[in-house]
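# Coordinate inspection notes
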Amino acid sequence: MRILVLVGAAALALAVTLPGHAMAQQRAAEPDLKAAILVNMLLFVEWPALDPASGNLLSVCYFRSSPVADALEALDRKMIRGRQLNVIRVDVSALGQCHAAYLAPGDDALLSQMRSDVLPGGVLLAGDTPGYLDRGVMINLELAAGKVAFDVDLYALRRSGLSLSSKALRLARSVRE
């Protein structure tokens, strides 16, 4: 398990720090890179108690089609910490079946419905839109100086019963406490 965490940390560090122009001959598209970082972040999240009813699945939900949601779909069935990634489209009423939920640009109205007092505990909210961190998203990805950076709202994570490894927190551009 320790080796898996170290490999995951190295992969996350590499994905976060590679500038777009310095990638090897194949340049990863921004949505693919954001989806990969989001999925790799799942290696570093501790959920309060994973629901036995979810079986061997780790569900990442999204609410509408977008480039990052499409890239997440391409990662469906990947193994994460011994669980199979299950990428599914849902509506807000089904948020409780998700371990993580991705909010795309334009999901502002949905985000307004997800007040912390009505959110099911243990759901990681992630997005990639400026200002989403101020509105309850726990991890927000943004393109900055040709790199994908991420910010973390540690208070929102803890309020939801989640924790994020210090290895991931060290890679964050900013951490709110």
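For the structure, check the block above.
Quick look at the structure, then.

The rules we used
Residues numbered from 1 in each chain as written. Predicted model: local features only at pLDDT ≥ 70, side-chain atom pairs only at ≥ 80, totals over all residues. Heavy atoms only, no water. Disulfide = S-S within 2.5 Å. Helix = DSSP H or I, 4+ residues; strand = E, 2+ residues; numbered from the N terminus. Buried < 20%, exposed > 50% of the residue type's maximum accessible area, 1.4 Å probe, protein only. Arc of directions from axis to C-beta. Contact = heavy atoms within 4.5 Å. Pairing = 2+ DSSP bridges. Axes fitted to C-alpha atoms, helices over the stretch in contact; angles between N-to-C directions. Salt bridge = Lys/Arg side-chain N within 4 Å of Asp/Glu carboxyl O.

### Quick word on the state of the cysteines
The final tally for this structure, using the stated rule, is one disulfide. What pairs with Cys-61 in a disulfide is Cys-98, and their sulfur atoms sit 2.0 Å apart. A torsion of -105 degrees about the S-S bond marks the disulfide between Cys-61 and Cys-98 as left-handed. One end of the pair, Cys-61, is in strand β2 (residues 57-62); the other, Cys-98, is in the loop between β4 (83-89) and β5 (100-103), and 37 residues separate them in sequence. Assigned by exposure class, Cys-61 and Cys-98 land together as buried.

### Some details on helix α3 (residues 67-74)
Looking only at α3, the buried set comprises Val-68, Ala-69, Ala-71 and Leu-72. Taken end-on, α3 shows its buried residues confined to a sector of 160 degrees, consistent with a single buried face. Opposite the packed face of α3, turned more than 90 degrees from it, sit the exposed residues Pro-67 and Ala-74. Buried residues in α3 make contact with α2 (30-41), β2, β4 and β5.

### Details of unusual backbone geometry
The residue Arg-81 is not glycine, and still its phi comes out positive at about 50 degrees. Position of Arg-81 relative to the elements: it lies in the loop between β3 (79-80) and β4. For Arg-81, a relative accessible area of 28% translates into the label partly exposed. Although it is not a glycine, Ala-145 adopts a positive phi angle of roughly 55 degrees. Inspection of the secondary structure puts Ala-145 in the loop between β7 (139-144) and β8 (147-153). Overall, Ala-145 belongs to the exposed group, its relative accessible area being 80%.

### Description of the sheet that holds β4
The strands that make up a sheet pair up through hydrogen bonds in the backbone, lying either parallel or antiparallel. An order of β3-β4-β2-β5-β6-β7-β8-β10 is seen for the eight strands of this open sheet, with the pairing classed as mixed. Each edge of the open sheet carries a strand with a single partner, namely β3 and β10 (174-176). Both β7 and β8 contribute to a ladder of six bridges, which runs antiparallel. When the sheet's bridge partners are listed, Asn-140 is paired in β8 with Asp-151. Against the sheet, α2 makes contact with β3, β4, β5, β6 (124-127), β7 and β8, and its axis sits at roughly 145 degrees relative to β7, the strand it touches most.

### Considerations on the pattern of salt bridges
The full count for this structure, using the stated rule, is eight salt bridges. A salt bridge links Glu-30 to Lys-34, with the nearest nitrogen and oxygen atoms 2.7 Å apart. Taken together, the residues span about one helical turn, with Glu-30 and Lys-34 both in helix α2 at a distance of four residues. Judged by relative accessible area, Glu-30 falls into the partly exposed class, the value being 33%. When the shortest N-O distance is used, the salt bridge between Glu-46 and Arg-81 registers 3.0 Å. Residue Glu-46 is located in strand β1 (residues 45-46), and its partner Arg-81 is located in the loop between β3 and β4; the two are separated by 35 residues in the primary sequence.

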